[in-house]
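So the chains spell out like this:
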Amino acid sequence: MPYVITEPCIGTKDASCVAVCPVDCIYEGDDQYYINPDECIDCGACEPECPVEAIFADDAVPEQWKSYIEKNRKFFGA
């Protein structure tokens, strides 16, 4: 899983990340956006665009938000 959107996105859902994604791999859920790991090309364009700093490379997700890796997997049925 290249990138994960974490807790700061909840309630914000800014969509700046969606606008810059070259492969349209970011999807809107009820409470936040999610990055489809099968579609993401690991370009990193979304990360600096997030105004609440909620997007992290999967190996750089802060400890307190590690559960969002699994939440992302479940959203896409993986």
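Because the structure is a prediction, the values reported are computed rather than measured.

Calculation rules
- Residues numbered from 1 in each chain as written.
- Predicted model: local features only at pLDDT ≥ 70, side-chain atom pairs only at ≥ 80, totals over all residues.
- Heavy atoms only, no water.
- Phe/Tyr/Trp six-rings, centres within 6.5 Å; stacked < 30°, edge-to-face > 60°.
- Helix = DSSP H or I, 4+ residues; strand = E, 2+ residues; numbered from the N terminus.
- Salt bridge = Lys/Arg side-chain N within 4 Å of Asp/Glu carboxyl O.
- Buried < 20%, exposed > 50% of the residue type's maximum accessible area, 1.4 Å probe, protein only.
- Contact = heavy atoms within 4.5 Å.
- Polar contact = N/O pair within 3.5 Å; in protein donor to acceptor, adjacent residues only side chain to side chain.

1. Observations concerning the packing of aromatic side chains
- Scanning the entire structure with this criterion turns up four aromatic pairs.
- A centroid spacing of 5.7 Å and a plane angle of 70° characterise the contact between Tyr27 and Phe76, whose relative ring orientation is edge-to-face. Of this pair, Tyr27 sits in strand S2 (residues 26-28) while Phe76 sits in the segment after helix H2 (67-75), placing them 49 residues apart in sequence.
- A ring pair is formed by Tyr34 and Phe75, whose centres lie 3.9 Å apart and whose planes are at 5°; its orientation type is stacked. Highlighted residues: Tyr34 in strand S3 (residues 33-35) and Phe75 in helix H2, separated in sequence by 41 residues.

2. Topic: the pattern of salt bridges
- This structure, assessed with the given rule, holds three salt bridges.
- When the shortest N-O distance is used, the salt bridge between Lys71 and Asp31 registers 2.7 Å. Here the residue Lys71 occupies a position in helix H2, and Asp31 occupies one in the loop between S2 and S3, the gap between them amounting to 40 residues.
- Exposure remark for Lys71: the relative accessible area of 26% places this residue in the partly exposed category.
- Using a relative accessible area of 27% as the deciding quantity, one classes Asp31 as partly exposed.
- Across the pair Arg73 and Glu70 runs a salt bridge whose closest N-O atoms are separated by 3.6 Å. Within this pair, Arg73 and its partner Glu70 are both found in helix H2, separated by three residues, close to a single helical turn.

3. Considerations on the environment of Tyr34
- Judged by relative accessible area, Tyr34 falls into the buried class, the value being 5%.
- When the C-alpha positions of Tyr34 and Val4 are compared, they lie 7.1 Å apart, and in sequence the two are 30 residues distant.
- Contact partners of Tyr34, with chain neighbours within four places excluded, come to Ile5, Cys25, Ile26, Tyr27, Gly29, Lys71, Asn72, Phe75 and Phe76.
- A distance of 3.2 Å separates a polar atom in the side chain of Tyr34 from a polar atom in the side chain of Asp31.

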